[in-house]
Amino acid sequence: MSNVEISAIGAYLPPLVVTNDKISEFVETNDEWIVQRTGVSERRISEGENTSDIATKAAKIALERAGVNPEDLDLIIVATISPDMFIPSVACIVQSNLNADNAACFDISVACSGFVYALEIANGLMQSMKYKNALIIGAEVLSKVTDWTDRSTCILFGDGAGAAVLKQSKTKGIIKSYLRADGKKGNALTIGGADIDTPFSKEKILQDKYIKMNGREILRFAVPAIAEAVTEVLKDTNISLDEIKYIVPHQANYRIIKLAAEKLKLNEDKFYLNLDKVANTSSATVPIALNEMYEKGLLNKGDKLILVAFGGGLTYAASVIEW
Ligand SMILES: CC(C)(COP(=O)(O)OP(=O)(O)OC[C@H]1O[C@@H](n2cnc3c(N)ncnc32)[C@H](O)[C@@H]1OP(=O)(O)O)[C@@H](O)C(=O)NCCC(=O)NCCS
């Protein structure tokens, strides 16, 4: 079995910065409440770009950095819960935008854990299909599924995309992943789909098209989920937590990370955080954070990292990788 590594990373954030003060102009909230409860100060919001547009922009940066031509991509996976439409998939639209005509393409719906799931799915397919190059993207325009009259959710989310080019490698690359879900808790975080309202339906089932969330239940779920995923992913790897340079978590909420660090008896500084400026971009938070770390020169060849995420489904996942 060969190894697969993240060869390059890229990200794109829409230019419009929306501060907490701006949100307080249309819902009853304030900067202090939002910063204290979440750690978020501002987020980027799309002014009309759709998920495939921002996914394509992130992908172009990653491809350029990896020195991979789009026609040499064997696989494109997009993790998203805010696709442009049901079909075609965002991955197929990105394929067309890039002229990546030789790639197999599909989306996955794993909410905020999507990028970590995509990493391991691509790893597996690259081994079984002997693919040389894959592109995985986490991309979300959550602003279009946000209820901008609901102060308990509209303060939390942002738009953005992050992409990684994966290559067969001689280094360790993706060392191990841990993928889990607890579907019984799915109702804690939902975005409705199409209505059931046909000539044959016994009763109409009308769906809410916006994010609905039980924040307290997510808080209760997330902290042990992070601790479990970080602990389990290291099992049988001969790698200790001390050897991990950074844990790159899903950027949902500062309080969640603080509590998870306490539970794992780790210094908070081990967790790379950028949620104050970017907020929760669901599947895109982990690659956007990785991109920022790369651009700041924080990532060196051979560094060991844990990527860890949790979210709708409910799902949770971690990967231990060597950069
Ligand atoms: C959403 C979250 C910040 C709310 O914090 P909380 O401490 O649980 O607060 P509650 O929901 O209990 O609300 C407390 C009070 O603040 C109010 N409130 C809610 N949102 C508010 C806002 N934006 N501004 C001001 N007040 C707000 C509530 O109405 C409530 O008022 P009440 O006591 O008069 O009823 C918190 O639950 C959370 O971060 N959960 C995790 C969410 C998450 O990460 N989701 C994504 C998962 S991928």
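None of these values were measured; they are calculated from a predicted model.

Definitions and limits used
- Residues numbered from 1 in each chain as written.
- Predicted model: local features only at pLDDT ≥ 70, side-chain atom pairs only at ≥ 80, totals over all residues.
- Heavy atoms only, no water.
- Helix = DSSP H or I, 4+ residues; strand = E, 2+ residues; numbered from the N terminus.
- Rg over C-alpha atoms; globule rule 2.2 N^0.38 Å.
- Buried < 20%, exposed > 50% of the residue type's maximum accessible area, 1.4 Å probe, protein only.
- Contact = heavy atoms within 4.5 Å.
- Areas by Shrake-Rupley, 256 points an atom, 1.4 Å probe, with all protein chains shown as cover.
- Lys, Arg positive; Asp, Glu negative; His and termini not counted.
- Charge placed at Lys NZ, Arg CZ, Asp CG, Glu CD.
- Near = heavy atom within 4 Å.
- Polar contact = N/O pair within 3.5 Å; in protein donor to acceptor, adjacent residues only side chain to side chain.
- Nonpolar A, V, L, I, M, F, W, Y, C, P; charged D, E, K, R; others polar.
- Domains from an automatic or database assignment.
- Pairing = 2+ DSSP bridges.
- Buried area = accessible area lost by both parts, 1.4 Å probe.
- Phe/Tyr/Trp six-rings, centres within 6.5 Å; stacked < 30°, edge-to-face > 60°.
- Axes fitted to C-alpha atoms, helices over the stretch in contact; angles between N-to-C directions.

Enquirer: How should the overall build of the protein chain be read in this particular structure?
Expert: Secondary structure summary: the protein chain contains 10 helices and 13 strands in total. The C-alpha atoms of the protein chain give a radius of gyration of 19 Å, which matches the 20 Å a tight globule of 323 residues would have. Once the C-alpha set of the protein chain is aligned to its principal axes, its extents read approximately 55 × 50 × 40 Å. Among the 323 residues that make up the protein chain, the fraction classed as buried is 54%. Summarising the internal contacts of the protein chain: among those between residues at least 6 apart in sequence, 77% fall at separations of at least 24. Surface accessibility of the protein chain: about 14400 Å² in total, with carbon and sulfur atoms responsible for 50%. Distance between charge centres in the protein chain, computed from 35 positive and 41 negative side chains, equals 5 Å.

Enquirer: How should the site of the ligand be read in this particular structure?
Expert: If you check the shell around the ligand, you find 22 residues, and the closest are T29, R37, R151, R216 and N253. At 3.5 Å, a side-chain N or O of W33 approaches a nitrogen atom of the ligand. With respect to the ligand, the side chain of R151 contributes an N or O atom lying 2.9 Å from an oxygen atom. For the ligand, whose free accessible area comes to 960 Å², the fraction covered by protein is 74%. Counted by class, the shell around the ligand contains nine nonpolar, eight polar and five charged residues. Summarising the domain contributions, the shell around the ligand has at least three residues from each of domain 1 (3–171) and domain 2 (175–322).

Enquirer: Looking at this structure, how should I read the pairing of strand β11 (residues 246–249)?
Expert: In the case of a regular strand, side chains alternate between the two sheet surfaces. On β11, burial covers both faces: Y246 and V248 on one face and I247 and P249 on the other are all buried. Of the strand pairs in this sheet, β11 and strand β12 (residues 304–311) are connected by four bridges, and their pairing is parallel. For P249, the partnering residue across the bridge sits in β12 and is V308.

Enquirer: Whenever I open this one, the domain arrangement of the protein chain confuses me. Can you help?
Expert: Buried accessible area, meaning the area lost when the parts come together, often serves as the stated size of an interface. With domains assigned, the protein chain is organised as domain 1 (3–171) and domain 2 (175–322). For domain 1 and domain 2, the distance between their C-alpha centres works out to 14 Å. With 48 residues of domain 1 at the interface, the matching set in domain 2 holds 45 residues. Of the roughly 3800 Å² buried between domain 1 and domain 2, counting both surfaces, carbon and sulfur atoms make up 64%.

Enquirer: For this particular structure, what's the right way to read the packing of aromatic side chains?
Expert: The relative placement of two aromatic rings is captured by the distance of their centres and the angle of their planes. All told, the structure shown has three aromatic pairs when counted by the stated rule. Relative to W148, the ring of F26 has its centre 6.0 Å away and its plane inclined at 70°; by these criteria the two rings are edge-to-face. A residue pair is termed long-range when its members are at least 10 positions apart, and F26 in the loop between α1 (20–23) and α2 (31–38) and W148 in the loop between β6 (133–141) and α6 (151–154) qualify at 122 residues. We classify F26 as partly exposed; its relative accessible area is 43%. With a centroid separation of 6.4 Å and an interplanar angle of 90°, the aromatic rings of Y246 and Y272 are classed as edge-to-face. Of the two residues, Y246 is situated in strand β11 and Y272 in the loop between α8 (254–263) and α9 (275–278); the sequence distance between them amounts to 26 residues. Here Y246 and Y272 have matching classes, each one buried.

Enquirer: Mind showing me how you'd approach unusual backbone geometry here?
Expert: Note on backbone geometry: most residues besides glycine have negative phi, and most peptide bonds are trans. Residue I87 is joined to P88 through a cis peptide bond whose omega torsion reads 0°. Residue placement: P88 occurs in the loop between β4 (75–79) and α4 (90–98). For the bond from G313 to L314, the omega torsion is -15°, close enough to zero to count as cis. Residue position: L314 is located in the loop between β12 and β13 (315–322). For N238, which is not a glycine, the phi torsion comes out positive at approximately 60°. Along the chain, N238 turns up in the loop between α7 (215–234) and β11. Its relative accessible area of 78% is what places N238 among the exposed residues. Despite not being glycine, K265 shows a phi value in the positive range, around 55°. Tracing the chain through its elements places K265 in the loop between α8 and α9. Classification of K265 by relative accessible area gives exposed; the value is 77%.

Enquirer: Hey, could you run me through the environment of F310 in this one?
Expert: Here F310 is to be found in strand β12. The buried category is assigned to F310, whose relative accessible area is 3%. Non-local contacts of F310, meaning those with residues more than four positions away in its chain, are made with C112, S113, F221, A222, I226, H250, A252, I256, T315 and Y316.

Enquirer: How do you make sense of the sheet that holds β11 when you look at a structure like this?
Expert: For sheets, the rule is that strands pair by backbone hydrogen bonds, running either parallel or antiparallel. Within the open sheet, the four strands sit side by side as β8-β13-β12-β11. Their pairing is mixed. Here the strands that pair on one side only, and so sit at the sheet edges, are β8 (174–181) and β11. Adjacent strand axes in the sheet meet at a mean angle of 10° when their direction is disregarded. Bridge count for β12 against β13 is eight bridges, and the pairing is antiparallel. Bridge assignment links V308 to a residue of β13, and that residue is A318. Packed onto the sheet, helix α5 (residues 114–128) meets β8, β12 and β13 and runs at close to 125° relative to β8. Across the sheet, α7 lies against β8, β11, β12 and β13, angled at about 35° from β13, the strand it touches most.

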